[in-house]
Amino acid sequence: MTASVGTGTLRFAAVAKTFDNGTIALSEVDLDLAPGDFVSVVGPSGCGKSTLLRLASGLTAPTGGEIFADTGKIGYVFQDPTLLEWRSAAKNVELAGELHGMARAERRKRAAEALELVGLAGFEKQLPGQLSGGMRMRVSLARALTLDPEIFLFDEPFGALDEITRLRMQDELQRLFRTQGFTGLFITHSVTEAVYLSTRVAVMSARPGRIVREVDVPFPFPRSPEIRYHADFARIAGEVSAALKEASS
Ligand code: ADP
């Protein structure tokens, strides 16, 4: 389940999106992600962050500009784990393969591997209702991992989790990023989460959204949770916060 080296480029060039009702969600979005990048996007509510991810996944078409992805292996994880309550954890994870027409034996094998990767080995037969919020999110991550994504899109996946679970999931995601080799595009409202996880943080303006600032986060991986208390971390988070404040005004 490791992506081949070199794939995972995602590029937005002057991307615009105007909805049929006339709402201009995005204008002139320029953003480049190279293999090895994990980019978080922060911005005021309603500035077009989710729209940006939907465009990247191909679920929606842009009305201007161009989006380039050098792989069709794109994973997508939402804030709501969107699990089928009557299917076991393993059967939920198999669903992605099912929808892609994967043979039964293959999707079972991949589901088992993915559940192991997210630390849920032994929970295969549990129903979603028997799992905690963090475990449900792990199932959702595992489901996307079965497709071996080379570009992984995250729409505020930890926004609904309690603080302790959220911090734990950040470390899990960081580990997956290091071991699985995907390019990450991650939406969040938390500046600390963005800086902790990312190689770069992009700040979006209020609607119509565009990228107004990109801040590099040069800390090497693996990053330990204590890094959040370092002066350099505070300086970078401060830079992002200031840009976000300016973008929201
Ligand atoms: P964010 O994720 O930053 O909160 P969204 O991408 O969800 O923002 O939405 C951006 C803007 O586009 C919002 O004003 C929203 O109401 C509008 N919008 C989103 N989807 C649609 C749609 N299908 N039709 C019309 N307007 C939409």
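For the structure, check the block above.
Note that the structure is predicted; figures quoted are calculated from it, not measured.

### Here's the deal with the sheet that holds strand S9 (residues 211–216)
Spatially, six strands are ordered S5-S6-S7-S3-S8-S9 in an open sheet, and the strand pairing comes out mixed. Two strands lie at the open edges of the sheet, namely strand S5 (74–77) and S9, each paired on one side alone. For this sheet, the mean angle separating the axes of adjacent strands, direction not counted, is 15 degrees. In this structure, S5 lies alongside strand S6 (residues 151–155), joined through four bridges in parallel fashion.

### Quick look at the environment of Leu53
Tracing the backbone through its elements, the reader meets Leu53 in helix H1 (residues 49–57). Classification of Leu53 by relative accessible area gives buried; the value is 0%. Between the alpha carbons of Leu53 and Tyr76 there is a distance of 8.5 Å; along the sequence they are 23 residues apart. Not counting the four nearest positions on each side in its chain, Leu53 is found in contact with Tyr76, Leu153, Phe154, Asp155, Leu185 and Ile187.

### Observations concerning helix H7 (residues 231–248)
Helix length check: H7 (18 residues) gives 25 Å between terminal C-alpha atoms against 26 Å at 1.5 Å per residue, within 8%. Listing the buried residues of H7 in full gives Phe233, Ile236, Ala237, Val240, Ala243, Leu244 and Ala247. Looking straight down H7, one finds that the buried residues subtend no more than 125 degrees of arc, so they occupy a single side. Projecting away from the buried face of H7 at angles above 90 degrees are the exposed residues Ala231, Lys245 and Glu246. In this fold, the buried residues of H7 make contact with strand S3 (38–42), helix H6 (191–197), strand S8 (200–204) and S9.

### Quick word on the site of the ligand
Neighbouring the ligand are 13 residues; Gly46, Gly48, Lys49, Ser50 and Thr51 lie closest to it. Here an oxygen atom of the ligand sits 3.1 Å away from a polar atom, N or O, in the main chain of Cys47. Among the elements that take part in the shell around the ligand, H1 stands out by supplying four residues, more than any other. In the shell around the ligand, the residues fall into three nonpolar, seven polar and three charged.

### Some points on the nonpolar core
What tends to happen in soluble globular proteins is that the nonpolar side chains get buried as a cluster. The biggest cluster of nonpolar side chains holds 49 residues, and the ones touching the most others in it are Phe154 and Val195. Sequence-distant contacts of Phe154, defined by excluding residues within four places in its chain, comprise Phe38, Leu53, Val77, Leu141, Leu173, Phe182, Leu185, Phe186 and Ile187. Of all hydrophobic cores here, the second largest spans 23 residues; its members include Leu10, Leu52, Leu53 and Ala202.

### Quick word on the sheet that holds strand S2 (residues 24–33)
Spatially, S2-S1-S4 is the arrangement adopted by the three strands of the open sheet, whose pairing is antiparallel. Either end of the sheet is taken by a strand with one partner, and the two such strands are S2 and strand S4 (64–69). Mean inter-strand twist for the sheet, computed between neighbouring axes without regard to direction, equals 20 degrees. Pairing of strand S1 (residues 10–18) with S2 involves six bridges; the strand directions are antiparallel. Each residue of the ladder has a partner; that of Val15, found in S2, is Val29. Those strands touched by H1 are S1, S2 and S4, and its axis lies near 120 degrees from that of S1.

### Description of helix H2 (residues 89–99)
Across the eleven residues of H2, eight count as buried, placing the element largely inside the fold. Those residues of H2 not exposed but buried are Ala89, Ala90, Asn92, Val93, Glu94, Leu95, Ala96 and Gly97. For H2, the secondary structure elements touched by its buried residues are helix H3 (104–117) and helix H4 (133–145). Following H2 by one or two positions, Gly101 has its phi on the positive side, about 70 degrees.

Definitions and limits used
- Residues numbered from 1 in each chain as written.
- Predicted model: local features only at pLDDT ≥ 70, side-chain atom pairs only at ≥ 80, totals over all residues.
- Heavy atoms only, no water.
- Pairing = 2+ DSSP bridges.
- Helix = DSSP H or I, 4+ residues; strand = E, 2+ residues; numbered from the N terminus.
- Axes fitted to C-alpha atoms, helices over the stretch in contact; angles between N-to-C directions.
- Buried < 20%, exposed > 50% of the residue type's maximum accessible area, 1.4 Å probe, protein only.
- Contact = heavy atoms within 4.5 Å.
- Expected span 1.5 Å × (residues − 1).
- Arc of directions from axis to C-beta.
- Near = heavy atom within 4 Å.
- Polar contact = N/O pair within 3.5 Å; in protein donor to acceptor, adjacent residues only side chain to side chain.
- Nonpolar A, V, L, I, M, F, W, Y, C, P; charged D, E, K, R; others polar.
- Core = buried A, V, L, I, M, F, W, Y, C linked by side-chain atoms within 4.5 Å.

Spatial relationships are all this shows, so hold off on functional conclusions.
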